[in-house]
Amino acid sequence: MSIKSEKTNLNSRAFNLLYAIEENKDKLQPPVNNMQLWDDSQFIPMLVGGPNKRRDFHISPSDEFFHQIKGNCYVECINEQGEREIVTVGEGEMFMLPAMVPHSPHRTAGSYGIVIEQKREGKPESVVWYCDNCNHELYKKTMEITDIVSQLKAVIEEFNSNEELQTCDKCGHKLPEAEEWK
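Residues numbered from 1 in each chain as written. Predicted model: local features only at pLDDT ≥ 70, side-chain atom pairs only at ≥ 80, totals over all residues. Heavy atoms only, no water.

(A) Local environment of the sheet that holds strand E9 (residues 112-118). Spatial strand order, E1-E2-E9-E4-E7: five strands in an open sheet with antiparallel pairing. Across the chains shown, the open sheet's two edge strands, defined by having one partner strand only, are strand E1 (34-36) and strand E7 (94-97). Going from strand to strand, the sheet's axes swing by 25° on average, the running direction of each strand aside. Contacts from helix H1 (residues 17-24) reach strand E2 (43-49), strand E4 (64-70) and E9, with the element oriented near 80° to E4. (Pairing = 2+ DSSP bridges. Helix = DSSP H or I, 4+ residues; strand = E, 2+ residues; numbered from the N terminus. Axes fitted to C-alpha atoms, helices over the stretch in contact; angles between N-to-C directions. Contact = heavy atoms within 4.5 Å.)

(B) Spatial organisation of the pairing of strand E8 (residues 103-107). Most of E8 sits inside the fold, with five of its five residues counted as buried. Side-chain alternation along E8 places His103, Pro105 and Arg107 on one buried face and Ser104 and His106 on a second face that is also buried. Inspection of the sheet shows strand E5 (residues 73-78) paired to E8 by five bridges, in the antiparallel sense. Among the inter-strand pairings, Cys73 is bridged to a residue of E8, identified as Arg107. (Buried < 20%, exposed > 50% of the residue type's maximum accessible area, 1.4 Å probe, protein only.)

(C) Expanded view of the confidence of the model for the protein chain. Per-residue pLDDT for the protein chain averages 86, and the proportion of residues at 70 or more is 89%. Mean pLDDT values over the elements of the protein chain span from 84, in E1, up to 98, in E7. Ignoring residues within four places in sequence, the model shows residues 1-6, a span with pLDDT below 50, making 18 contacts including any to other chains. (pLDDT = per-residue confidence, 0-100.)

(D) Representation of H1 in the model. All buried positions along H1 are accounted for by Ala20, Ile21 and Asn24. Within H1, the buried residues cover an arc of 100° as seen down the axis, which keeps them to one side. For H1, the elements touching its buried residues are E2, E4 and E9. (Arc of directions from axis to C-beta.)

(E) Broad picture of unusual backbone geometry. The amide bond that connects Gly50 to the next residue, Pro51, takes the cis arrangement and shows omega of 10°. Secondary-structure assignment places Pro51 in the loop between E2 and strand E3 (57-59). Residue Met100 is not a glycine yet carries a positive backbone phi of 70°. Mapped onto the elements of the fold, Met100 is located in the loop between E7 and E8. Taking relative accessible area as the criterion, Met100 reaches 53% and is therefore assigned exposed.

(F) Looking closely at the environment of Cys168. Within the fold, Cys168 resides in the segment after helix H2 (148-160). Taking the C-alpha atoms as reference points, Cys168 and Tyr130, separated by 38 residues in sequence, lie 8.3 Å from one another. Once residues lying within four places of it in the same chain are set aside, the contact partners of Cys168 are Cys131, Cys134, His136, Leu138 and His173.

(G) Fine view of H2. Helix length check: H2, at 13 residues, gives a terminal C-alpha distance of 18 Å against a target of 18 Å (1.5 Å per residue), a fit within 8%. All of the buried residues in H2 are Ile148, Gln151, Leu152, Val155, Ile156 and Phe159. The buried side chains of H2 occupy one side of the element, clustering within an arc of 130° when seen end-on. In the core, the buried residues of H2 are packed alongside E2, E9, strand E10 (125-130) and strand E11 (137-143). (Expected span 1.5 Å × (residues − 1).)

(H) Inspection of the side chain of Ser104 at higher detail. Counting through the fold element by element, Ser104 comes out in strand E8. Assessed through its relative accessible area of 1%, Ser104 is described here as buried. Leave out the neighbours within four places in its chain, and Ser104 touches Arg54, Arg55, Asp56, Phe57, Tyr74, Val75 and Glu76.

(I) Molecular detail of the nonpolar core. One finds Phe66, Val75, Trp129, Leu138 and Phe159 to be the most contacted residues of the largest nonpolar core, which totals 26 residues. Those elements giving two or more residues to this core turn out to be E2, E5, E7, E10, E11 and H2. Once residues lying within four places of it in the same chain are set aside, the contact partners of Leu138 are Trp129, Tyr130, Cys131, Phe159, Leu165, Gln166, Thr167, Cys168 and Leu175. Core analysis: the next-biggest nonpolar cluster, separate from the first, contains eight residues, Met35, Leu37, Trp38 and Tyr112 among them. (Core = buried A, V, L, I, M, F, W, Y, C linked by side-chain atoms within 4.5 Å.)

Shown next, in the form of C-alpha cells:
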C-alpha cells in the first residue's frame with residue numbers, strides 16, 4: 001500500500017517529500033516504521049521513520065540505498081568475519097549497502113529517511129536474529145517477500161513472542177528487549 005496524502009498527489013512521480021512525511025508520520029510506527037511510496041515500480045521505495053526498536057537483521061539478494069533526510073540512521077551489519085560493524089548514515093548522507101550483507105537499520109527519535117530496494121520476485125531473502133553475546137544465529141526465516149511491511153511485521157512478532165527463539169543455544173544468552181536508539 002502506498003502512502004496517501006491530501007496535500008500532495010503521491011500517485012504522481014513528483015511530490016513534496018516533506019509534506020508527505022508530516023502527513024504520514026503517525027503511520028511510521030514500530031515495529032517496522034516503513035511506508036511504501038509507490039507500488040508500481042521495479043523498486044520498493046520506502047519512507048522510514050524513527051525511533052525503532054528492532055533487533056532483526058535483513059539479508060537481501062540486492063543492494064539497498066539509504067538516504068537520511070533528518071536525524072541519524074545506524075546500520076548495524078554482520079561483516080565477512082562474522083563480527084558486528086555499525087555504519088552511521090548522518091542527516092543528508094547516503095549509503096549503498098551491498099547485497100547479501102546481514103543488516104539491521106536503527107533510527108533515532110524524530111528521524112526520517114528513504115530506503116530504496118529492488119523488487120525481488122522469485123528471489124528469497126531472510127530475516128535473522130543473532131546473539132548479542134557471541135553473534136551466533138538465533139533464528140532465521142527465509143521467504144519470498146510480496147508485501148514487505150506486513151510480512152516483516154509478522155516475522156518480528158513471531159520472534160518477539162517466543163522466548164526459546166530469543167535464547168542462544170550456544171552460550172545461553174537471552175536477547176534482551178529491543179531498546180530505542182537515541
